[in-house]
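Overview (structure and organization)
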Amino acid sequence: MYIVLSIVSALIGGGMSWIIRLELAEPGIQFIQDPQLYNVMVTAHGLIMVFFVVMPGLIGGFGNWFVPLMIGAPDMAFPRMNNISFWLLAAALCLLVTAGLTGTGPGTGWTFYPPLSNSTFHSGPAVDFGILSLHLAGASSILGAINFITTILNMRAPGMTMHRMPLFVWSMLVTAFLLLLAVPVLAGALTMLLTDRNFGTTFFAPEGGGDPVLWQHLFWFFGHPEVYIMIIPAFGIISQVVSTFSKKPVFGYLGMAYAMVAIGFIGFVVWAHHMYTVGLDVNTRAYFVLATMIIAVPTGIKIFSWLATMWGGSIEFKTPMLFATGFIALFVVGGVTGVVLANAGLDVQLQDTYYVIAHFHYVLSVAAVFALTTGFYYWIGKMSGRQYPETLGKIHFWLTFVGVNVLFFPQHFLGVAGMPRRIPDYPDAFAGWNMISSIGALITALGTLLFLFIVWRTMAAGKAAEPNPWGVGATTLEWSVPSPAPFHTHEELPRVSAQPAE
Amino acid sequence: MDASDRQTRARRGRRITALALVGVVVGMAGLAFASVPLYRLFCQVTGYGGTPRVALDGQAGGADAAGRSITVRFDANVNPALPWRFKPEQNRIQVPLGESALAVYRAENLSDTPITGTATFNVTPNKAAPYFVKVQCFCFDEQRLEAHGGADMPVSFYVDPAIAEDPDTKDVSTITLSYTFFRAAADPSRSAANLSRPAVTTTAGTPNG
Amino acid sequence: MFRNFPSVSALATVALMAACGTAFADQPYPWQIDLQPAASAVAEQVREFNYLISVIIVAISVFVLVLMAYIAWRFNAKRNPVPSKRAHNTVLEVLWTALPVLILVVIAVPSLKLLYVMDRNPAAEMTIKAVGHQWYWSYEYPDHDDFTFDSIMVPDDQLQPGQPRLLAVDNEVVLPIETDVRILVTSDDVIHSWAVPSFGIKTDAVPGRVNETWVRIRREGTYYGQCSELCGVNHGYMPIAVRAVSRQAFDEWTAAAKEKFARADGGGTRVAGRTATTTAR
């Protein structure tokens, strides 16, 4: 269900991004006559992709399905809470769509910076709807997180010690803790913004002694862990897939697990690197530069451990493995540009330009979505009982891989040249790279259509899946049960003796 | 120990974990709200983000032994929702380090109704803020001006001589003190004024409130 | 057989960077892949740092991607049917933790140096103030009798030949070259950001507070930038244009500007002027 919601949202959000790219294909206003509409699209695209595609897909979808399977639990700890969590999210999506259609819509960007988001500059209920939507989505995430942590801490099968858990489970555990700590802060900040808008409080309004910069601190205290919330489950999936198709255990299992913990932890102390130009003290900026760069170390450990897992392996490039390798490639490119952006001195040039857009689309849009796709191809047999068509899957990979690179790589150049983000029209000098970028969007869109066709083919005419279609490399518990996995699997608790990852 | 007993125990374990996690959530949300006063306090104590210190005892810190001085510039802003004229009486003054000085801003109400305003302020460069000590000022106090009335608003301050010793701030030769006047949040005509904000039209786009 | 697009383009980047290093422009130019040419010492240092870090990141990316391609070729199931079972190598693990740390140190040292250089406060000879509005900038010259003017984008249909679309404004900010200029930035509505890439400046305009930055322009020319913080409907239509002139030309300009932008009440105060423009609109 989460995955269906995620795919539907992806189509909405992706459609919007496609319109944005079409608008930006050439200089001048193409067909979005009202720049406010453009801003609303940008806002909605961001919110939908973050809260309704990547999070439900990776966490809600694969997490809820495979965490209990992998640790040998019959189901999540609180199945009913899980259900509530899903419907909250569905309601949140409806609210967000309502927000987009109300009045002139929320044109604030997904960051909702006041004063632009306050009642003076965005009167009307659109932003209120947006805020409530995030509240619901946040509540849904918190419930989900509680459920995950409880399940993982209390319901492991006998013998499944913490250090024997598959890395995907580790990644979900770290993610759940990040959610638990970060989302309430967003909820608090959103509530304050809501009362600022409607009840005359002045938490973020300078006229009442508030400070708009405080919003940015609170938002990014949530916002930065949020990006790890999106990418850490991806790390988990990639680890499983790389290990399976290399027919080797994960290299440096403990290092991998604790690298995720480290990334999650450091993720909480780097938030102000989103705010280098806001007027922070120079020593503060220096601290955030260093703290941010340190994240590169555990991230590097993960990248090299994946490569070392592949090294000496007997690698079969089935579709999931292709997407996983694609993920690593894209994540490296997005990762090194992250190190560039960490430098406050240089960030002055790049802040709020297309360089940032390129960076986070490489690590989130592309890498996280590649992880989603990896997970889909890897587990679809287990979930539906039917295997996907292999050749079409491979074509899908190459189309998407080429498409996203053509789409996002030129945006680095645009950013360095100084093109600001969130503008519906740009100086003529930026035309060339924008055109190429839009062509990339076209290729990617073709890939997406092919993906829809593959989903339909799999469901309608896919071959029946065996319990374990991947052979000796697939050692985690979910492959020991039939496909599709029956409800309340592991009623009789399996006993785990061999360490799955070593 | 039979199976049902084990199940009850497992369920209780889950419940305890879940409750502890709910506690974490409530704690974090509380922290978000607590951040508002904490942030303000933090800024005042450390001078972070250009918030000048406020002297509690009303005493200057003692003159600088070396007789150095610094330039202080005065800057004024008025939010468009407030029909006031607000200007410093002096563009800048030269102040010996450690000695208290007095500057005056002049505010006039240009409208036909009495209006209450309130001012925020900061000091640039940010790193100089911890050394800029205000002894007395009108900041954050609500100021009411009668229709077409005016008032002088004095600020007295001194610059801590330690500014010349700190390696970070040694290069600072000029400090800018800036005030921005807003219509007070409690002012009854505030919302009406906001609604009538003018919108600028460019040919490229439609104006939008 | 495992071709990687990013690595190819990354290599192309390096080649092109070298080729375009000498190109000259004060605004973005087509197919640009480099920072805008520097017009101040700070921007020059930013550029140099950018080259350093670009070389490092391209090298890292190429290394990882080539390694990946090699692994994909060498340890393909066809070529290597029997997987090894090795899952540990302490030396390797220590190495790939320590090496990135070293690389980061190489980046961090010049990075922090640059940061502190940018934050220096020279004894500025003059001050201007940029105020962000929805959706234009206005400028004040408090050291030159406090005259003030609005700087509004030239609409597409009124562009003169040679004026870049979406960048040209009706009243440019005029600044003298070879002069330390303090720039105060604030806003009177939402958050904007005052950015001129050639100067290495991007400073947020936050209502209720003033931010300070500075520039020393090295050569005459017109420099363009765009508002860099989403500020509402016409965020994309409030460019920044700075014309740098000789000191002498600057004195002439300020004399004329005092007349041109003189206020109706003769007082030359900002608020009166603002009220006048507001009612006129």
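Broken down by element type, chain A carries 14 helices and zero strands. Each helix and strand of chain A, ordered N terminal to C terminal, gives the series α-α-α-α-α-α-α-α-α-α-α-α-α-α. In terms of overall size, chain A behaves like a compact globule, its C-alpha atoms giving a radius of gyration of 22 Å where 502 residues would be expected to give roughly 23 Å. Each of the 502 residues in chain A was classed as buried or not, and the buried ones make up 72%.

In total, this model carries 29 salt bridges over all chains according to the counting rule given. A salt bridge links aspartate 119 of chain C to arginine 285 of chain A; the nearest nitrogen and oxygen atoms lie 3.1 Å apart. Note that aspartate 119 of chain C is positioned in helix α3 (residues 90-119) and arginine 285 of chain A in helix α8 (residues 282-294), a pairing that runs across two chains. Across the pair arginine 106 of chain B and glutamate 108 of chain B runs a salt bridge, and its minimum N-O distance is 3.8 Å. Connected through salt bridges with shared partners, the residues Arg285 of chain A, Lys127 and Asp171 of chain B together with Asp119 of chain C form a single ionic network.

Attention shifts here to the packing of helix α6 (residues 212-246) of chain A against helix α10 (residues 319-342) of chain A. All names here are of chain A. Contact geometry of α6 with α10 gives a least axis separation of 9 Å together with a crossing angle of 130°. As summarised for this structure, α6 and α10 are arranged oblique, according to the angle between their axes. Taken as a pair, α6 and α10 cross one another with a handedness that is left-handed. Side by side, α6 and α10 meet where Ile231, Ala234, Phe235, Ile238, Val241, Val242, Phe245 and Ser246 of the first sit next to Pro320, Met321, Ala324, Phe327, Ile328 and Phe331 of the second. The residue makeup of the contact of α6 with α10, split by class, is 13 nonpolar, one polar and no charged.

Moving on, we get to the sheet that holds strand β4 (residues 92-96) of chain B. Residue and element names in this part refer to chain B. Spatially, β4-β2-β10-β6-β8 is the arrangement adopted by the five strands of the open sheet, whose pairing is mixed. Because the sheet does not close on itself, it has two edges, and the strands there are β4 and β8 (143-145). Neighbour to neighbour, the strand axes of the sheet diverge by 30° on average, direction disregarded. Direction of pairing for strand β2 (residues 69-78) relative to strand β10 (residues 174-183): parallel, over a ladder of eight bridges. Residue alanine 76 lies in a different strand from β10, and its bridge partner there is tyrosine 179.

Turning to the side chain of histidine 224 of chain A, a few remarks are in order. Residues and elements named next belong to chain A. Topologically, histidine 224 is positioned in helix α6. On the basis of relative accessible area, histidine 224 is assigned to the buried category, the value being 6%. Of note is the side chain of histidine 224, whose polar atom sits 3.0 Å from the side chain of tyrosine 228. When residues no more than four places from it in sequence are discounted, the contact partners of histidine 224 are Gly267, Val270, Trp271, His273, His274 and Ile295.

Within this structure, the stated rule accounts for zero disulfides over all chains. Take cysteine 231 of chain C: it sits in no disulfide, and the sulfur closest to it among the cysteines is that of cysteine 227 of chain C, at 3.9 Å.

This brings us to the interface of chain C and chain A. Listed by partner, the interface residues are 89 residues for chain C and 96 residues for chain A. Taken together, the two surfaces of chain C and chain A that pack against each other cover about 7,900 Å², and 70% of this comes from carbon and sulfur. Of all residues in chain C, the largest losses of buried area upon contact with chain A belong to Trp96, Lys202 and Leu230 of chain C, amounting jointly to 9% of the total for that side. Applying the counting criterion to the chain C and chain A interface returns three salt bridges. Here chain C is connected to chain A by 23 residue pairs in polar contact (both at pLDDT 80 or more). The set of elements that each furnish at least two residues to the side of chain C that touches chain A consists of α1 (5-20), α2 (41-74), α3 and β7 (201-205) of chain C.

What follows covers a nonpolar patch on the surface. Residue and element names in this part refer to chain A. Judged by side-chain polarity, Leu11, Leu446, Leu449 and Leu452 come together as a nonpolar surface patch covering roughly 350 Å² of accessible area. No other element matches helix α14 (residues 431-461), which puts three residues into the nonpolar patch. Along the polypeptide, leucine 452 turns up in helix α14. Note on leucine 452: relative accessible area 31%, which makes it partly exposed.

Residue and element names in this part refer to chain C. What the five strands build is an open sheet, ordered β3-β2-β1-β5-β8; its pairing is mixed. The outermost strands of the open sheet, each flanked by one partner alone, are β3 (147-151) and β8 (211-216). With strand direction ignored, the average angle separating the axes of adjacent strands in the sheet is 25°. Taken together, the five bridges between strand β1 (residues 126-133) and strand β2 (residues 136-141) define a ladder with antiparallel strand orientation.

The next thing to look at is the packing of aromatic side chains. Scanning the entire structure with this criterion turns up 70 aromatic pairs over all chains. Centroid distance phenylalanine 204 of chain A to tryptophan 215 of chain A: 5.4 Å. Interplanar angle 80°. Geometry classified as edge-to-face. Pair noted here: phenylalanine 204 of chain A is in the loop between α5 (167-198) and α6 and tryptophan 215 of chain A is in helix α6, with a separation of 11 residues, a long-range link. In this pair, the class of phenylalanine 204 of chain A matches that of tryptophan 215 of chain A, namely buried. The rings of Phe62, Trp65, Phe66, Phe168, Phe245, Tyr378, Trp379, Trp470 and Trp479 of chain A are connected pair by pair, giving a single aromatic cluster. Directly above the aromatic system of phenylalanine 121 of chain B lies the positively charged group of lysine 134 of chain B, at a separation of 3.2 Å from the ring centroid.

Since one α-helical turn is 3.6 residues long, residues separated by three or four positions face the same way. Residues and elements named next belong to chain A. For helix α3 (residues 79-101), built from 23 residues, the straight-helix expectation of 33 Å at 1.5 Å per residue is met to within 8% by its first-to-last C-alpha distance of 34 Å. Taken together, the buried positions of α3 are occupied by Met81, Asn82, Ser85, Phe86, Leu89, Ala90, Ala92, Leu93, Leu95, Leu96 and Ala99. Looking one or two residues beyond α3, the residue adopting positive phi is glycine 103, at roughly 50°.

With 230 residues, the main nonpolar core has Phe51, Phe62, Ile231, Phe327 and Trp379 of chain A as its most contacted residues. No other element matches α6 of chain A, which puts 21 residues into this core. If near-sequence neighbours (up to four positions away) are discounted, phenylalanine 51 of chain A is found in contact with Pro56, Leu89, Trp110, Leu134, Ala137, Leu186, Phe222 and Glu226 of chain A. Core analysis: the second largest hydrophobic core is formed by 41 residues, Leu116 of chain A together with Phe147, Ala205 and Ile217 of chain C among them.

This part covers unusual backbone geometry. Of the consecutive residues proline 114 of chain A and proline 115 of chain A, the connecting peptide bond is found in the cis state with omega at 5°. Within the secondary structure, proline 115 of chain A sits in the loop between α3 and α4 (126-154). If you check the backbone angles, aspartate 352 of chain A has positive phi at about 60° while not being a glycine. By the element assignment, aspartate 352 of chain A lies in the loop between α11 (344-350) and α12 (354-384). Judged by its relative accessible area of 6%, aspartate 352 of chain A falls in the buried class. Phi is positive for aspartate 146 of chain C, close to 60°, though the residue is something other than glycine.

This part covers α3 of chain C. With 30 residues, α3 of chain C should reach 44 Å at 1.5 Å per residue; the first-to-last C-alpha distance of 43 Å fits that figure. Among all positions of α3 of chain C, only Trp96, Pro100, Leu104, Ile107, Ala108, Ser111, Leu112, Leu114, Leu115, Val117, Met118 and Asp119 of chain C are buried. Packed against the buried residues of α3 of chain C are α8, α9 (296-310), α10 and α11 of chain A together with α2 and β8 of chain C.

This next bit is on the confidence of the model for chain A. Per-residue confidence for chain A gives a mean pLDDT of 86; residues scoring 70 or more make up 95%. Counting interchain partners and residues more than four positions distant, the pLDDT-below-50 stretch residues 497-502 of chain A has 11 contacts.

It should be kept in mind that the predicted coordinates are not to be read in detail where pLDDT is low. Residues and elements named next belong to chain C. Averaged over chain C, the pLDDT score is 81; the fraction of residues at 70 or greater is 84%. Taken as a whole, residues 1-25 scores under 50 in pLDDT and shows 38 contacts with residues more than four places along the chain or in a different chain. Interface confidence in the predicted complex, given as ipTM, is 0.86; pTM for the same model is 0.87.

Each value, and the rule that gives it
- Residues numbered from 1 in each chain as written.
- Chains lettered and ligands numbered in written order.
- Predicted model: local features only at pLDDT ≥ 70, side-chain atom pairs only at ≥ 80, totals over all residues.
- Heavy atoms only, no water.
- Helix = DSSP H or I, 4+ residues; strand = E, 2+ residues; numbered from the N terminus.
- Rg over C-alpha atoms; globule rule 2.2 N^0.38 Å.
- Buried < 20%, exposed > 50% of the residue type's maximum accessible area, 1.4 Å probe, protein only.
- Salt bridge = Lys/Arg side-chain N within 4 Å of Asp/Glu carboxyl O.
- Axes fitted to C-alpha atoms, helices over the stretch in contact; angles between N-to-C directions.
- Parallel < 35°, antiparallel > 145°, perpendicular 65-115°, else oblique.
- Left-handed = near helix turned anticlockwise from the far one by under 90°.
- Contact = heavy atoms within 4.5 Å.
- Nonpolar A, V, L, I, M, F, W, Y, C, P; charged D, E, K, R; others polar.
- Pairing = 2+ DSSP bridges.
- Polar contact = N/O pair within 3.5 Å; in protein donor to acceptor, adjacent residues only side chain to side chain.
- Disulfide = S-S within 2.5 Å.
- Buried area = accessible area lost by both parts, 1.4 Å probe.
- Patch = residues over 30% accessible without salt bridge, like charges linked within 9 Å, V, L, I, M, F, W, Y side chains within 5 Å.
- Areas by Shrake-Rupley, 256 points an atom, 1.4 Å probe, with all protein chains shown as cover.
- Phe/Tyr/Trp six-rings, centres within 6.5 Å; stacked < 30°, edge-to-face > 60°.
- Lys NZ or Arg CZ within 6 Å of the ring centre and 35° of its normal.
- Expected span 1.5 Å × (residues − 1).
- Core = buried A, V, L, I, M, F, W, Y, C linked by side-chain atoms within 4.5 Å.
- pLDDT = per-residue confidence, 0-100.

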